[in-house]
Amino acid sequence: MTDAAPLRLALCQMNPVVGDLGGNEARIIAGLDAAQEAGAELVVFPELAVSGYPPEDLLFKEHFLRDCEDALRRVAAHVAGGLVALVGAPERAEDVYNSLAVLAGGEVLAHFRKNHLPNYGVFDEHRYFRPGAGGAVLDLGDVRVGLTVCEDLWVSGPPASNEALAGATLLVNASASPYHAGKGLEREAMLAQRARDNVAAVAFCAQVGGQDELVFDGHSVVIDHTGRVVARAAQFAEDLLLADVDVEDPRADRLRDARLRHETGAAPEVPVLASLPRAGAAGSAASRPPAPATVAPLLDPSAEIYAALVLGVRDYAEKNGFAHAVLGLSGGIDSALVALLAADALGPERVSVAVMPSPYSSGETQGDARALAATLGLSCLDLDIAPAMSAYDGMLATSFAGREDDITEENLQARIRGNLLMALSNKFGWLVLTTGNKSEMSVGYSTLYGDSAGGFAVLKDVFKTRVYELVRHREAVATGPLVPPGILSRAPSAELRPDQRDEESLPPYAVLDPILALYVEEEMGRDAIVARGFDAADVERVVRLVDRAEYKRRQQPPGIRISTRAFGRDRRMPITNRYGG
């Protein structure tokens, strides 16, 4: 066997749109052109790049699958000049497979079928796909490349281990890996371990962008066989990552690794999907200038979450055809954060806010709301709801005769505001961004058809304490003051009655949020939470509130997932349920 020059690899980290086959085809072809221009020999695209991920029940439509096949063939026609491309696409054979297509010489040469289909959390792949039957490799001259799709490399062992035992010194992984806080570093550590375990370089090509509730963070990476990161793409942005992968060092190190020598005899046969020459002469590959060693820096935790929320808002609006967004700006911390995110995601000229005071709204909160809108350059609408409140009081006076005012009148205020925002949406085609956070949604501290009315729940997976952290982060990176100090220092209040405070109805958020994290995200029972040192009465109260609010959460708009246990796709509890905690 002759020494092989480093393999010039390109990872095309792209932002597809589910179902936009023509648009995705154009993005892939643009990536092919950029990879060819950079001198790449092998270019990899994300999982299901042709269809977008997750296509969900589109996969039940035969005509959709045929259209995906046609788009893949058109993409293949652009693969020329010795370049080899690996492109994720659904494959319709005797069943439907989540496949990685091998394209070269203008043709679709073969498909690798994803083995491990995740069916936990946000994943539902057993509903749509049949699993592949094992690993497969691709030979490019003297370089053997093992193929995997997302979960195939998350699971230790086959198919990746069998591919390595069959001689693969580079393991390629095409992925659509949904984001949660800290996911990038967790994933990078896992991939480094797979590289060390298999004594093979790992190239992970990720999807980026927002898709309904999901955000994909990108963070494509190339890791050498020792677990060292040699190239890393940007987070939350499209990118073309280039790397020259050393395929000789793994071979040399394997001679000294007794584990692999022992296991090789027992390894099953791994099919070679295609044997292709390397692009250009071996001598020219050895003598070309090295690819730029790009290792993008990682964002800190608050910056990472903020970027995920910005991307989620931008892509939900853009991909669903909304040119403008609107939200109610109260002068509180939650609506302030949504305004910041919307302005950063869409640009201030595409965001309007409505200040909707009632007789219980303080002058300070109204002033802070208007000041924030002015600082951000947002169009501000003043809509006094007092006349509408009086009209409702008059209409309901006979029906409510003899009864004291209570939460009913408070909720009417929220519903008036919701009606006004939806009227603006109907008249102008604006997307209504709701401003409730995960703490409130967990315990039902919201009004159906009121503050929960809208098209997209930006903070649906963001606890109240984190809302403060994110506003402080955005303030810290600004070139000047953004948020009026009162918004950060004022005690949280819905301002639906005189001197109202959230902590009259809820435990303090510093107590509430840790309990919610354990009960909602960690699935711990009340006794286990109390054993962590929390007051039993507080735990009992929070558990009861969470369980009673399930019917409200079913009626909330979709929102951005940033945790491992978001309401909706992750956490699915029955509404009718008598199991107490």
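Shown above is the structure to which this text applies.
Everything numeric in this text was worked out from a predicted model, so none of it was measured.

Trainee: Would you mind going over the sheet that holds strand 9 (residues 201-206) in detail, with residue names and values included?
Mentor: The strand order across the open sheet formed by 7 strands is 13-12-9-8-7-6-15, and the pairing between neighbours is mixed. The open sheet has two free edges, formed respectively by strand 13 (229-232) and strand 15 (272-276), since each of these has just one partner strand. Looking at each pair of strands side by side, their axes are set apart by 15° on average, direction ignored. Bridging between strand 6 (residues 137-140) and strand 15 involves 4 bridges; their strand directions are parallel. Bridge assignment links D139 to a residue of strand 15, and that residue is S275.

Trainee: Explain the environment of Y579 residue by residue, including any values.
Mentor: In this fold, Y579 is placed in the segment after helix 20 (550-553). Of the residues examined, Y579 reaches a relative accessible area of 65% and is grouped as exposed.

Trainee: I'd like a description of helix 9 (residues 301-319), backed by residues and values.
Mentor: When the terminal C-alpha atoms of helix 9 are compared, their 27 Å separation across 19 residues agrees well with the 27 Å that a helix rising 1.5 Å per residue should span. Between the side-chain oxygen of the N-cap and the backbone nitrogen of S302 there are 3.2 Å, and the N-cap of helix 9 in question is D300. A positive phi of about 80° marks G321, the residue just after helix 9.

Trainee: Now, about a negative patch on the surface: what can you tell me, with residues and values included?
Mentor: Taken together, the side chains of D393, E404, D405 and D406 define an acidic patch exposed on the protein surface. You can see E404 is positioned in the loop between helix 12 (386-396) and helix 13 (407-428).

Trainee: Got a sec to walk through the packing of helix 9 against helix 10 (residues 333-346)? Specific residues and values, please.
Mentor: Helix-helix packing: each pair is described by the crossing angle between the helix axes and the interaxial distance. In contact at an axis separation of 8 Å, helix 9 and helix 10 are set at 65° when each is read in the N-to-C sense. The element helix 9 and its partner helix 10 pack so that their crossing is right-handed. On helix 10, the residues touching Y306, L309, V310, V313, R314 and A317 of helix 9 are L337, L340, L341, D344, A345 and L346. A per-class count over the contact of helix 9 with helix 10 returns 10 nonpolar, no polar and 2 charged.

Trainee: Can you explain the pattern of salt bridges? Please cite residues and give values.
Mentor: One pass over the full model with this rule turns up 34 salt bridges. For D70, the salt bridge goes to R73, with nearest N and O atoms at 2.3 Å. With D70 and R73 both in helix 2 (residues 62-76) and 3 residues apart, the pair spans about one turn of that helix. Judged by its relative accessible area of 48%, R73 is partly exposed. With a shortest N-O distance of 2.8 Å, E540 and R526 are connected by a salt bridge. Residue E540 is found in helix 19 (residues 536-548), and its partner R526 is found in helix 18 (residues 526-531); the two are separated by 14 residues along the sequence. What makes E540 partly exposed here is its relative accessible area of 32%. A cluster of three or more residues bridged by salt bridges with shared partners is formed by E91, E94, D95, R113 and R130.

Trainee: Help me get a handle on the pairing of strand 19 (residues 431-434), residues and values and all.
Mentor: A regular strand carries its side chains on alternate faces of the sheet. Burial along strand 19 is two-sided: the residues L431 and L433 and V432 and T434 are all buried. Alignment of strand 16 (residues 325-328) against strand 19, held across 2 bridges, turns out to be parallel. Bridged to V326 within strand 19 is V432. Where strand 19 and strand 20 (residues 456-457) come together, 2 bridges link them in parallel fashion.

Trainee: Could you give an account of the packing of helix 10 against helix 15 (residues 464-477), naming the residues involved and the relevant values?
Mentor: Where helix 10 contacts helix 15, the axes come no closer than 10 Å and their chain directions differ by 50°. With respect to helix 15, the axis of helix 10 lies oblique. Crossing angle aside, the handedness with which helix 10 passes helix 15 is left-handed. Seen from helix 10, the contacting residues are I333, D334, L337, L340 and D344; seen from helix 15, they are K464, V467, Y468, L470, V471 and R474. Per-class residue counts for the contact of helix 10 with helix 15 are 7 nonpolar, no polar and 4 charged.

Trainee: Any chance you could break down the sheet that holds strand 5 (residues 107-113) for me, citing the residues and the numbers?
Mentor: Reading across from one edge, 5-4-3-2-1-14 is the order of the 6 strands in this open sheet, with mixed pairing throughout. Each of the sheet's edge strands pairs with one partner strand only, and the pair in question is strand 5 and strand 14 (239-245). This sheet shows a mean twist of 30° between the axes of neighbouring strands, independent of strand direction. In this sheet, strand 3 (residues 84-92) lies alongside strand 2 (residues 42-44) in parallel orientation, the contact comprising 3 bridges.

So, how was this worked out
What you see as residue numbers is a count from 1 along each chain, following the sequence as written. Local features in this predicted model are restricted to residues of pLDDT 70 or higher, and side-chain atom pairs are both shown and tallied only at a pLDDT of 80 or more, whereas totals for entire chains, interfaces and linings draw on every residue. To obtain the side-chain values, all non-hydrogen atoms of the structure were included, while hydrogens and water were left out. Whether two strands pair depends on DSSP finding at least two bridges between them. The way it works is that DSSP assigns letters per residue, a run of H or I at least four long becomes a helix, a run of E at least two long becomes a strand, and they are numbered from the N terminus. Note on method: axes are straight lines fitted to C-alpha atoms, helices fitted across the in-contact stretch only, with angles between N-to-C directions ranging 0 to 180 degrees. For each residue, the accessible area found with a 1.4 Å probe, counting protein chains only, is set against the maximum for its type, and the residue is called buried under 20%, exposed over 50%, and partly exposed in between. Each residue after the first adds 1.5 Å to the expected span of a helix. Any N or O atom pair separated by 3.5 Å or less is treated as a polar contact, with the protein-specific requirement of one donor-capable and one acceptor-capable atom, and with residues adjacent in sequence counted only for side-chain atom pairs. Put simply, a patch holds well-exposed residues, over 30% relative accessible area, that have no salt bridge, with like charges counted together within 9 Å and Val, Leu, Ile, Met, Phe, Trp or Tyr side chains within 5 Å. In these tables, accessible area is a Shrake-Rupley quantity obtained with a 1.4 Å probe, and a residue counts as shielded only by the protein chains included in the view. Salt bridges, as used here, are contacts in which a Lys or Arg side-chain nitrogen is within 4 Å of a carboxyl oxygen on Asp or Glu. Only four residue types enter the tally: Lys and Arg on the positive side, Asp and Glu on the negative side; His and the chain ends are excluded. Note on charges: their place is set at NZ of Lys, CZ of Arg, CG of Asp or CD of Glu. Each helix crossing is assigned a hand: it is left-handed if the near helix lies turned anticlockwise from the far helix by less than a right angle, otherwise right-handed if that turn is clockwise. By definition, residues are in contact when any of their heavy atoms lie within 4.5 Å. Throughout, the ten residues Ala, Val, Leu, Ile, Met, Phe, Trp, Tyr, Cys and Pro are labelled nonpolar, Asp, Glu, Lys and Arg are labelled charged, and all others, Gly among them, are labelled polar. To sort the angles, those under 35 degrees are grouped as roughly parallel, those over 145 as roughly antiparallel, those from 65 to 115 as roughly perpendicular, and the leftovers as oblique.

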